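What follows is the residue order along each chain.
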Amino acid sequence: MFEALREAMIEEMTLDPTVCMIGEDVGDYGGSYKVSKGLAEMFGDLRVLDTPIAENSFTGMGVGAAMKGLRPVVEGMNMGFLLLAYNQISNNCGMLHYTSGGQFKIPIVIRGPGGVGRQLGAEHSQRLESYFQSIPGLQMVACSTPYNAKGLLKAAIRSENPVVVFEHVLLYNLKEKIPDEEYICCLEEAEMVRPGSQVTILTYSRMRYHVMQAAKTLVNKGYDPEVIDIRSLKPFDLHTIGKSIKKTHRVLVVEECMRTGGIGASLRSAIIDNFWDDLDAPPTCLSSQDVPTPYAATLEDATVVQPAQIVAAVEQICQ
Amino acid sequence: MAAAALLRRLPAARSPAAALMGARPISDSTTPLTIETSMPFTSHIVDPPSRDVTTTPAELVTFFRDMSLMRRMEIAADSLYKAKLIRGFCHLYDGQEAVTVGMEAAITRKDSIITAYRDHCIYMSRGGDLVTAFAELMGRKIGCSRGKGGSMHFYKKDANFYGGHGIVGAQVPLGCGLAFAQKYRKEDSVSFALYGDGAANQGQLFEALNISALWKLPAILVCENNHYGMGTAEWRAAKSPSYYKRGDYVPGLKVDGMDVLAVKQACKFAKEHAIANGPIVLEMDTYRYHGHSMSDPGSTYRTRDEISGVRQERDPIERVRKLILAHDLATPAELKDMEKEIRKEVDTAIAQAKESPMPDASELFTNVYVKGFGVESFGADRKELRATLP
């Protein structure tokens with residue numbers, strides 16, 4: 001996946017001279033996950049900027065540059081570090097278009113890996129989707145395959161709104177054949193992964209793979225799940241989701257976010273508000289436990305949702 | 001000379017020719033005039049500029065007019081706040097007018113300015129008008145931010161005025177970002193990021209200064225030191241209140257912020273420096289007569305004697321008035337007339353703003369996102385799925 005993201009960056013930076021990249025070790029080092037490997041040589045120091053470890057200020061500088069017409073892509077080396085820039089992301093990035101009465105646009109992209117990795121410890125295994133989801137004016141997408149990573153990053157760079165692109169630490173080495181021709185993905189669209197008729201499973205990012213693994217087991221047991229990768233975390237693609245729920249009447253949300261105040265919590269509310277009459281069972285949500293991610297491998301596995309739990313949940317819903 | 005001066009003090013004794021032509025006796029001459037600043041500049045790792053400032057009679061009269069307009073505007077805002085027409089937070093700039101007027105005289109509209117929440121007068125300096133300012137303060141539709149920003153969110157994009165920010169210190173990285181964009185685009189202009197003595201202790205300032213110095217950005221950090229961060233005096237908040245030295249490896253200049261000519265000289269110097277060498281810190285030694293905001297009486301942490309002392313000794317408008325009178329550029333009566341005109345202007349603008357409507361209910365949802373660019377946001381009733389390449 002990192003190659004796909006890298007291709008997206010190269011294509012957009014070639015197309016538009018105002019696109020630049022700001023982050024720690026994105027230049028000479030090539031990016032801690034190799035997303036910007038070689039870009040500094042291609043585009044020069046002024047377009048691929050190595051910053052000191054100062055998230056608050058370089059995110060703020062990205063917003064200031066965006067106010068003046070550039071299109072920066074700010075990389076958080078790990079999403080968790082962007083908590084230091086929360087004020088800039090929330091108050092300036094999200095709100096300036098509104099508080100200035102529409103005068104300033106902030107076409108910034110904030111991207112970085114988050115999620116639970118392989119024993120990275122509590123502070124490097126954070127999921128910030130839930131913290132950012134309430135910020136008005138921000139759009140959020142989560143990529144999960146090389147194809148949608150490239151498409152979503154390109155769309156995010158071209159969008160006039162500030163977009164946060166959530167990548168996942170464990171998905172960078174995914175390989176997939178993607179088209180040579182140029183394509184972009186729609187930022188607000190969900191992706192149909194496996195059409196089905198019995199139950200709608202909504203997921204995003206790494207949990208998509210756990211869901212697909214569970215889906216194999218479920219199909220063997222005779223179930224027919226419909227799997228949708230929601231991709232757009234803010235706003236939700238209620239059109240695709242609604243169409244699915246009207247077909248299956250049962251919904252399960254599988255997310256890596258924390259249970260409390262997570263994406264699943266908002267998604268369940270949105271489903272209840274809009275599709276209550278179409279539901280035959282309560283909308284269920286499987287999320288990570290409300291704990292700091294422990295270091296020990298067995299404990300870490302127990303923090304996130306595993307395929308076996310997904311299978312059990314579907315069986316429960318479909319009774 | 002003495003006789004002529006005497007004559008000028010008698011209002012009736014105008015020169016017959018002038019009286020016949022109805023000509024304005026207030027000087028609008030543009031012949032250069034050199035005036036010394038009130039005190040020399042103190043500098044940190046850079047040679048300070050000269051104390052002799054070149055100005056013109058016309059410029060001095062403009063300074064007087066602009067600062068008096070701002071003073072009147074802020075005092076009028078005080079009354080409007082007490083009449084509950086302005087709500088929420090209202091941070092007034094009276095006392096500090098010389099900083100924005102002097103700065104504006106040294107730069108062009110291509111240079112960018114960003115500040116915190118004490119922004120009404122800077123908006124005016126950058127070409128804003130009274131009606132949109134008062135309308136915004138009262139939350140009306142014709143306000144400069146369509147009523148959606150309020151006192152702390154004044155912006156003027158076409159004049160490169162970037163606001164208007166409520167969170168202390170957050171505007172400084174933004175200002176360095178503006179400077180970055182200027183350098184990226186090879187624009188030959190600079191960005192002034194204004195902040196207060198309270199904000200000078202924010203970490204993000206030092207982060208942004210480090211990055212600006214590393215990348216040699218044309219950023220000028222201006223500390224408007226009015227000696228109090230809300231209720232905390234500077235000596236209680238900063239171990240080193242020499243804010244112009246805080247840049248460490250970045251040069252700095254300390255300026256008498258109540259002397260508009262000193263401010264002009266310093267900003268001119270800073271602009272040349274920033275374009276050639278990268279960031280510089282300016283500390284403007286200034287004072288605010290009002291409290292931190294309208295909710296703060298401003299007298300619990302400082303004495304009334306101190307406030308009136310500054311008003312008597314260092315008021316920026318009085319200083320310019322004395323200069324104008326000393327150089328015979330206008331009579332006291334003419335200046336008084338100007339102030340009366342200004343008062344009327346402000347009152348008219350307020351009346352107009354008071355009559356203007358509140359924003360429509362639909363405005364609640366506009367400008368949250370930029371619409372119509374390639375991909376649209378839809379709700380549950382979206383009929384078509386389409387991605388368009390812009």
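Bear in mind the structure is a predicted one, so any value in this text is a computation, not a measurement. (Residues numbered from 1 in each chain as written. Chains lettered and ligands numbered in written order. Predicted model: local features only at pLDDT ≥ 70, side-chain atom pairs only at ≥ 80, totals over all residues. Heavy atoms only, no water.)

*Asks:* Explanation requested: the domain arrangement of chain B in the structure shown.
*Replies:* Think of interface size as the accessible area that goes away when the parts come together; that is how it is often given. All names here are of chain B. Domain boundaries in chain B define domain 1 (39-359) and domain 2 (360-389). With centres defined by C-alpha atoms, the gap from domain 1 to domain 2 works out at 38 Å. Each side of the interface is counted separately: domain 1 has five residues, and domain 2 has five residues. Of the roughly 420 Å² buried at the junction of domain 1 and domain 2 (both faces included), carbon and sulfur atoms supply 31%. Per-residue buried area on domain 1 facing domain 2 is highest for Arg146, Lys148 and Pro359; these three make up 84% of the total on that side. For the salt bridge of Glu363 with Arg146, the shortest nitrogen-to-oxygen distance reads 3.3 Å. (Domains from an automatic or database assignment. Contact = heavy atoms within 4.5 Å. Buried area = accessible area lost by both parts, 1.4 Å probe. Salt bridge = Lys/Arg side-chain N within 4 Å of Asp/Glu carboxyl O.)

*Asks:* What am I meant to see in empty space enclosed by the protein here?
*Replies:* Gaps between atoms show up when a probe of the same size as a water molecule is rolled over them. Residue and element names in this part refer to chain A. Taken as a whole, this structure holds five cavities of 30 Å³ or more when the rule is applied. For the largest cavity, the calculated volume is near 90 Å³. Considering the residues around the largest cavity, the lining is formed by 14 residues, among which Glu129, Phe166, Glu167, His168 and Ser205 are closest to the centre. Sorting elements by how many residues they give to the lining of the largest cavity places strand β6 (residues 163-168) first, with three residues. Class assignment for the residues of the lining of the largest cavity results in five nonpolar, five polar and four charged. (1 Å grid on protein atoms, 1.4 Å probe; cavity = no way out; pocket = protein on both sides within 12 Å on 5 of 7 lines; lining within 4 Å. Points joined across faces, edges and corners; volume = space filled by probe spheres on them. Helix = DSSP H or I, 4+ residues; strand = E, 2+ residues; numbered from the N terminus. Nonpolar A, V, L, I, M, F, W, Y, C, P; charged D, E, K, R; others polar.)

*Asks:* Sorry if this is basic, but what is going on with the pattern of salt bridges here?
*Replies:* Opposite charge on two side chains lets them pair, provided their charged atoms get close. All names here are of chain A. Summed over all chains, the structure comprises 40 salt bridges over all chains. Note that Lys150 is salt-bridged to Glu11, the shortest N-O span being 2.7 Å. Separated by 139 residues along the polypeptide, Lys150 in helix α7 (residues 146-158) and Glu11 in helix α1 (residues 2-15) bring together distant segments of the chain. In this structure Lys150 comes out as buried when scored by relative accessible area, which is 1%. Glu11 gets classed as partly exposed once you look at its relative accessible area, which sits at 23%. Among the salt bridges present, the one from Arg194 reaches Asp224, with a minimum N-O distance of 2.9 Å. Here Arg194, found in strand β7 (residues 191-194), pairs with Asp224, found in the loop between α8 (207-220) and β9 (225-229); they are 30 residues apart in sequence, far enough to count as distant. One network of salt bridges, in which partners are shared, links Glu7, Glu11, Glu12, Lys150, Lys154, Arg158 and Glu182. (Buried < 20%, exposed > 50% of the residue type's maximum accessible area, 1.4 Å probe, protein only.)

*Asks:* Would you explain the interface of chain A and chain B in this entry?
*Replies:* Contact with chain A, which involves 60 residues of that partner, is made by 58 residues of chain B. Summed over both partners, the interface of chain A with chain B comes to about 4,900 Å²; 64% of that surface belongs to carbon and sulfur atoms. Among the residues of chain A in contact with chain B, A:Met61, A:Lys68 and A:Tyr98 are the three that bury the most area, contributing 17% of the side total. At the boundary of chain A with chain B, the tally comes to one salt bridge. Of the charged contacts in the structure, one is a salt bridge between A:Lys68 and B:Glu187, with a shortest N-O distance of 3.5 Å. Connecting chain A to chain B are 19 residue pairs in polar contact (both at pLDDT 80 or more). Only β1 (19-23), β2 (48-50), α3 (55-67), α4 (86-94), α5 (96-99), α9 (238-248) and α10 (263-275) of chain A provide two or more residues apiece to the side of chain A that touches chain B. Among the elements that line the side of chain A that touches chain B, the one with the most residues is α3(A), at 10 residues. (Polar contact = N/O pair within 3.5 Å; in protein donor to acceptor, adjacent residues only side chain to side chain.)

*Asks:* Help me out: how do you make sense of the packing of helix α12 (residues 316-326) of chain B against helix α13 (residues 332-355) of chain B in this one?
*Replies:* When two helices pack together, their arrangement is given by the angle between the helix axes and by the axis-to-axis distance. Residues and elements named next belong to chain B. With their axes 10 Å apart at the nearest point, α12 and α13 run at an angle of 140° to one another. What the angle tells us is that α12 and α13 run oblique. Helix-helix and strand crossings are classified by hand; for α12 and α13 the assignment is right-handed. Taking contact as the criterion, the partners of Arg321, Ile324 and Leu325 in α12 are, on α13, Pro332, Leu335 and Glu339. (Axes fitted to C-alpha atoms, helices over the stretch in contact; angles between N-to-C directions. Parallel < 35°, antiparallel > 145°, perpendicular 65-115°, else oblique. Left-handed = near helix turned anticlockwise from the far one by under 90°.)

*Asks:* Explain the UniProt feature "domain: Transketolase-like pyrimidine-binding" (unreviewed entry) in chain A to me, please; I cannot follow it from the model alone.
*Replies:* The UniProt entry lists residues 1-174 of chain A under the feature "domain: Transketolase-like pyrimidine-binding" (unreviewed entry), expressed in the numbering used here. Annotated as 36% helix and 17% strand, the span residues 1-174 of chain A places its first and last C-alpha atoms 5 Å apart. (UniProt positions renumbered as here; feature names shortened; annotations may be inferred.)

*Asks:* Even after reading the chapter, I still don't get the UniProt feature "domain: Dehydrogenase E1 component" (unreviewed entry) in chain B, so can you show me in this structure?
*Replies:* When the UniProt feature table is mapped to this numbering, "domain: Dehydrogenase E1 component" (unreviewed entry) covers residues 66-361 of chain B. With 46% helix and 10% strand, residues 66-361 of chain B has end C-alpha atoms that lie 36 Å from one another.

*Asks:* For this particular structure, what's the right way to read the sheet that holds strand β8 (residues 199-203) of chain A?
*Replies:* Two orientations exist for strands paired in a sheet by backbone hydrogen bonds: parallel and antiparallel. All names here are of chain A. As summarised here, the arrangement of the five strands in space is β7-β9-β8-β11-β12, forming an open sheet in which the pairing is mixed. Each edge of the sheet is formed by a strand with only one pairing partner; in this case those strands are β7 and β12 (284-288). Strand-to-strand, the axes of this sheet are offset by a mean angle of 25°, without reference to chain direction. Relative to β9, β7 runs antiparallel, the two being bridged by three bridges. Bridging across to β9, Met192 finds its partner in Ile228. Sheet strands in contact with α10 are β8, β11 (251-258) and β12, and its direction is about 150° off that of β11. (Pairing = 2+ DSSP bridges.)

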